[in-house]
Amino acid sequence: MSGSASDPSQTGTTYVHSERDIRAYPPVSGSKRSSLVLVVEMSLGREAHEGFGRTILLILLLTSFSFSCFIPSPNVGAPEQPWTWLGLTPDAPAVTEYNPPSGPPYLIVYLAARGMDNSIWYRSKVDTGDWSDWIQVPGFTDARVAICAFVHKLCFVCKQVGVNRIWYGYYPCSGGLVSGSFSGWTLLDGFTPGAVSLARDTDYSTYMYMAARGMDDSIWYRWMNTDSNAWSGWAKIPGYTDVSPAIGHLAITGSPYRRLYFVCKQKASNNIWFGYLTIYPDFPFACVWEGEWAPLSGLTPDALTFATFSPAGSTKNLAARGMDNLIWYRYIFPDGTWSNWKSPGGYTSSPVGITNCLFDSVGYGIWFVARQAGTNNLWAKWHSCAA
């Protein structure tokens, strides 16, 4: 991961998000059995798609397996695990976690993916237990699904298939575990040509943050109080990108303020840049862009991904795909400085899902989820990290 960079704050047409056409169309497509509720077409009773239900040995034998092995260094916090095959997807998967402050369980991980027919699916893993079966979420999308876990909700946001509308829905949770039925989809104002990104507050609060690329490649964000389901308006930050911007919330050591970080590939370039908003005490109304974009070493052909959550006082992980499709990650320290790039091994042709360094009943580690380079195979890996 090496290369030079130039500032991404290029000139361009200002994009104004529209609130017109606020009809309740969920992210669905195709001719399905339907139920009319506020002009909502929902998929009913579909059997699990073959991409998320079959474990066929022949697939594993005939598919070129390009994930490389990573040998852990001594004194890591948990045993290194191999990549585990979890199904098929035509796009990047997403992962989020709920790490209860007092445990047990010490760790709840949720994985979301788009099916081979654009359906939406998720599965979960509690502590060191096995992955659950795939569960289908009503609706369809043609972009990466964004997912974010809270103690009381598991939130989904995605682009509607075939159009650029953005939709939000959730499952109710108890103690971070899904405990009820899907809420249905709510249409959000604004348009995006691709996936959105989500982040959770570092203080175990109920605020969720979302970043999106505008139709002119501008960069936008908003926040939501997940208790009240109240969304802020969209706000624009300087700069342009041709991929989904990554967003992450970080508590800064020795400061009463928090930062909202953005990382993205520069438009029409492979250079990586980051910048941040400072969130002042009278949040949510005082988020201030702090000056300039700064370059991060390395090059990427795709969107980067932040871990959705990191508790105050911890680092925050960022994942990227290298120019040779190798998987890389680095992290921000609580003082705002960056580590060097590291690789857990493995290759992908899509953005990479990543969690923060988490504790389960065995030790500390990071979950990576990725679509295998050149195939639609979805893999997950628990990668050791030092306590």
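Residues numbered from 1 in each chain as written. Predicted model: local features only at pLDDT ≥ 70, side-chain atom pairs only at ≥ 80, totals over all residues. Heavy atoms only, no water.

(A) Structural view of the sheet that holds strand S23 (residues 327-332). The strand order across the open sheet built from three strands is S21-S22-S23, with neighbouring strands paired in antiparallel fashion. Each end of this open sheet is capped by a strand with a single partner; those strands are strand S21 (305-306) and S23. Of the strand pairs in this sheet, strand S22 (residues 316-321) and S23 are connected by six bridges, and their pairing is antiparallel. Within S23, the position partnered with leucine 318 by the bridge is arginine 330. (Pairing = 2+ DSSP bridges. Helix = DSSP H or I, 4+ residues; strand = E, 2+ residues; numbered from the N terminus.)

(B) View of the side chain of arginine 330. When you line up the elements, arginine 330 lands in strand S23. No salt bridge is formed by the buried arginine 330; its nearest oppositely charged neighbour, aspartate 335, is found at 12 Å. Within polar-contact distance, the side chain of arginine 330 engages the backbone oxygen of serine 339 at 2.7 Å. Excluding residues that lie within four positions of it along the chain, arginine 330 makes contacts with Leu296, Ser297, Lys316, Asn317, Leu318, Trp338, Ser339, Asn340 and Trp341. (Buried < 20%, exposed > 50% of the residue type's maximum accessible area, 1.4 Å probe, protein only. Lys, Arg positive; Asp, Glu negative; His and termini not counted. Salt bridge = Lys/Arg side-chain N within 4 Å of Asp/Glu carboxyl O. Polar contact = N/O pair within 3.5 Å; in protein donor to acceptor, adjacent residues only side chain to side chain. Contact = heavy atoms within 4.5 Å.)

(C) The arrangement of the environment of tryptophan 367 in detail. When you line up the elements, tryptophan 367 lands in strand S26 (residues 364-371). Among the residues examined, tryptophan 367 registers a relative accessible area of 8% and is labelled buried. Distance in space between the C-alpha atoms of tryptophan 367 and alanine 307 is 9.6 Å, their sequence separation being 60 residues. In this structure tryptophan 367 touches Val95, Leu107, Val109, Lys125, Trp131, Gly353, Ile354, Thr355, Ala380, Lys381 and Trp382, once residues within four positions along its chain are discounted.

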